[in-house]
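Chain and residue survey
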Amino acid sequence: MTTGTEAPAIGLTHMGSEDTGLGNRGPQSKSIVVPYGFWLFVLSDMVLFSALFATYASLVHATDGGPVTSQLFDRTTVAIETLALLISSFICGIAIIAAKRENMFWTQTALFLTGFFGFVFLVLELTEFGHMISIGAPPQRSAFLSSFFTLVGCHGAHVTCGLLWLGTMMAQIWAKGFQQHIMRRLLCFSIFWHALDIIWVAIFTIVYLIGTLP
Amino acid sequence: MTEHEQPEFGNVPPGEPHDNMLSETVSYIVGLGLALVLTGISFWVASTTSIWGPGVATGLVVLAIAQMGVHLVFFLHITSGPDNTNNVLALAFGVLIVFLVMIGTIWIMAHMNNNMGVSPEMMNLQTQRG
């Protein structure tokens, strides 16, 4: 990545020309490029989830005589999970605001609460999975259950990774302070965390609410 | 690695809050409020009997898309401003692929299932083995 003093990469500027379509300032700084690249990753992650949603929608009725959606899902649990993840996403935004002001106490507090509500969500989800397996609805029971555990489990795995990342960010902010490269990572984390909440909106609507309609 | 931060022209990264602390906090609170309202309506629509039954699923999908929009605007700060063009274009392409994959798959798989020339009990997905 070029800094302001080095010669910019070939193709990114046209020396001396005012109208290049890319500007004559060279590439954007890392604080723009890195979150933008991460945004592209998050979007490709959503494409991955769209394939899992499509699989689920194709297989939701292939129950092989086993349990069907309306027998398995509990709306109260899902409502609490939804609330926990939404509040977690909201507090993550507060953490970014505090971090921009370089306020260590509020940044760490907000990040801890973000992780706490994320953890609540994860515990509820794993409890639900355990309950389903114990009543004879494990992933190998039917194509519907395979696709259910793949879709919702993939989201849960993302949340787990997000929690590990969150812990790392708290440690890095604590140890290294609000340096620019740490702030970039924190912003990327917040993009990831908000994106997970967006995917959960689709999951609770398509899997849980539509699945339990009378 | 040394970093030479120059003033930014014309671009903001996604998820970057506004500069003014009050306005950015208000943005998150408005987003949280709208998301809570939309979630509440979703759960209400799913459990009420006062809405025409076959329309409920469509209504839920519309509410979900609305809530995703709320998250994008108020939490990820994707705006229509000129400094957000790159973010919006990437998002538009992502949405295009997502819809192609989902609608294409559901459409094709439903038709293939209907057109399979097999015995009636095999036509019923509920009896198909995984």
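These numbers come from a predicted model, not from an experiment.

Between chain B and chain A, the contact holds 52 residues from the first and 55 residues from the second. Listed by contribution, the elements that provide at least two residues to the side of chain B that touches chain A are helix H1 (21-47), helix H2 (56-75) and helix H3 (85-115) of chain B.

Among the nonpolar cores identified, the biggest contains 78 residues, and A:Phe53, A:Ala95, A:Ile191, A:Ile199, A:Ile203 and A:Val207 are the most heavily contacted of them. For this core, the secondary structure elements donating two or more residues are helix H1 (30-59), helix H3 (75-100), helix H4 (104-134), helix H5 (143-176) and helix H6 (180-209) of chain A together with H1, H2 and H3 of chain B. Ranked by residues supplied to this core, first place goes to H6(A) with 20 residues. Each of domain 1 (13-78) and domain 2 (83-130) of chain B contributes no fewer than three residues to this core. Residue contacts for A:Val207: discarding those within four places in its chain leaves A:Tyr56, A:Phe148, A:Leu151 and A:Val152.

Any residue range with low pLDDT should be treated as having predicted coordinates unsuitable for detailed reading. Predicted confidence across chain A gives a mean pLDDT of 88, with 88% of residues reaching 70 or more. The model gives residues 6-14 of chain A a pLDDT under 50, and that stretch makes 14 contacts with residues more than four places away or in other chains.

This paragraph deals with the packing of H3(A) against H1(B). At their nearest, the axes of H3(A) and H1(B) sit 10 Å apart, and the two run at 170° to each other. Relative to H1(B), the element H3(A) lies roughly antiparallel. Across the interface between the two elements, A:Arg75, A:Ala79, A:Thr82, A:Leu86, A:Phe90, A:Gly93, A:Ile94 and A:Ile97 of H3(A) pack against B:Met21, B:Glu24, B:Thr25, B:Tyr28, B:Leu32, B:Ala35, B:Leu36, B:Thr39 and B:Phe43 of H1(B). For the contact of H3(A) with H1(B), the residue count by class is 11 nonpolar, four polar and two charged.

Parameters and conventions
Residues numbered from 1 in each chain as written. Chains lettered and ligands numbered in written order. Predicted model: local features only at pLDDT ≥ 70, side-chain atom pairs only at ≥ 80, totals over all residues. Contact = placed C-beta atoms within 7 Å. Helix = DSSP H or I, 4+ residues; strand = E, 2+ residues; numbered from the N terminus. Core = buried A, V, L, I, M, F, W, Y, C linked by C-beta atoms within 7 Å. Buried ≥ 20, exposed ≤ 12 C-beta atoms within 10 Å, placed from the backbone. Domains from an automatic or database assignment. pLDDT = per-residue confidence, 0-100. Axes fitted to C-alpha atoms, helices over the stretch in contact; angles between N-to-C directions. Parallel < 35°, antiparallel > 145°, perpendicular 65-115°, else oblique. Nonpolar A, V, L, I, M, F, W, Y, C, P; charged D, E, K, R; others polar.

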